[in-house]
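# Tertiary structure, described
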Amino acid sequence: MSLDFLRKEGVNEDLIKGVEDYQKKYPIAEESKQRIPVPHFPFFGKEVWEDALSALLCGQNLLLVGPKATGKNVLAENLAQTFGRPMWNVSFHINMDAAAMLGTDTFKNGQVEFRPGPVYRCAQEGGFGVFDEINMARNEAMAVLHSLLDYRRTIDIPGYEMLKVNPACRFIATMNYGYAGTREMNEALMSRFAVIKMDPIKEEPLTRLIRTEFPSMKKEAEQAFVQIFLDLEKKCKEAEISDKALDLRGLIDSLHLMQSGLEAHRALAMGITNKSFDEYEPALITDVINLHIPGEFERKDIFED
């Protein structure tokens, strides 16, 4: 995200100056520019920006913790773009092992060669490495990264040379605590990160997000869709429905369907309601939608153009 955006968010000017100094200190190679992400959505939130920038400017690794729809991956992309660094994304799962992260031997031109993995390339080229859902990984798999994530900043590949991590390199992990399939992070791994607990999106940043994505949306419709999401969030918090309905991507996708001409209730069914396969939950979600969106709500009722 541009530094002007950070200034409009009211981010501390010392931190913005720190980003400028970082960019001058670590110029990006031309061939790496294609890996700099271009986020589809900006991240709104002055305090979270300041916390994240402070940690990364100090050379620390960052762990973003929060439930669905808090913008963890959006923030990670925004940070990589703001610092102007190439990004490697590693999605963790139960079968992730060291070879998938660091690299493995391959047979090429009659010889055995080392084929670097995403974490190795990120460390070598000074990128931003994003460990998505880090608590889905087995602790024994993550243990191979301990020397990478602490003061040593090295990767030792057995049979090959030790790699010293490029000083521009940073690592950002995301974690949805208590999410199905996740596990506890051990203390040794947790201690290698500065942690930001991210709250569910609030009314003001959600309104700004929808307004940025759909500038021609009528204000009444904008408020109705914001309220639908906030009401679903409240029902999730009170355990009336599961968090399957709390799908910000699904809401945005539904609004795109409406913009293309699909009737509002049918679009919201595709983006949100139909993602629940419970016997009773879809009816509760539909009640929330009916409360804010009248039947036969069409494109002309939602958009100005």
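For the structure itself, look to the data block above.
These figures come from a predicted structure and were not determined experimentally.

Glancing now at the pairing of strand β8 (residues 170–175). Consecutive side chains of a regular strand alternate in pointing toward one face of the sheet and then the other. Among the six residues in β8, six count as buried, and that is most of the element. Every second residue of β8 is oriented toward a common face, with R170, I172 and T174 on one face and F171, A173 and M175 on the other, all of them buried. When strand β1 (residues 61–65) meets β8, the two strands line up parallel, connected through four bridges. Among the inter-strand pairings, L62 is bridged to a residue of β8, identified as I172.

With that out of the way, let us pick up the pairing of strand β5 (residues 128–132). Most of β5 sits inside the fold, with five of its five residues counted as buried. With burial as the criterion, each face of β5 is covered, one bearing F128, V130 and D132 and the other bearing G129 and F131. With five bridges connecting them, strand β2 (residues 87–91) and β5 associate as parallel partners. From the neighbouring strand, V90 faces β5, where its bridge partner is F131. Across four bridges, the pairing between β5 and β8 is parallel. Considered in β8, the bridge of V130 is made with I172.

Right, let's get into helix α12 (residues 248–260). Its 13 residues place the ends of α12 19 Å apart at the C-alpha level, agreeing with the 18 Å of an ideal helix rising 1.5 Å per residue. Of the positions making up α12, those classed as buried are L248, G250, L251, I252, S254, L255 and M258. For α12, the secondary structure elements touched by its buried residues are α10 (203–213), α11 (219–237), α13 (264–271) and α15 (299–302). Positive phi appears at G261, one or two residues downstream of α12, with a value of about 125 degrees.

Running from amino to carboxyl end, helix α3 (residues 46–57) crosses helix α4 (residues 72–83) at an angle of 55 degrees, the nearest separation of the two axes being 11 Å. Regarding the angle of α3 to α4, the classification is oblique. As for how α3 packs across α4, the hand of that crossing is right-handed. Every residue of α4 that contacts α3 at V48, W49, A52, L53, L56 and L57 is listed here: L75, N78, L79, T82 and F83. Looking at side-chain class alone, the contact of α3 with α4 contains nine nonpolar, two polar and no charged residues.

What counts and what doesn't
- Residues numbered from 1 in each chain as written.
- Predicted model: local features only at pLDDT ≥ 70, side-chain atom pairs only at ≥ 80, totals over all residues.
- Heavy atoms only, no water.
- Buried < 20%, exposed > 50% of the residue type's maximum accessible area, 1.4 Å probe, protein only.
- Helix = DSSP H or I, 4+ residues; strand = E, 2+ residues; numbered from the N terminus.
- Pairing = 2+ DSSP bridges.
- Expected span 1.5 Å × (residues − 1).
- Contact = heavy atoms within 4.5 Å.
- Axes fitted to C-alpha atoms, helices over the stretch in contact; angles between N-to-C directions.
- Parallel < 35°, antiparallel > 145°, perpendicular 65-115°, else oblique.
- Left-handed = near helix turned anticlockwise from the far one by under 90°.
- Nonpolar A, V, L, I, M, F, W, Y, C, P; charged D, E, K, R; others polar.

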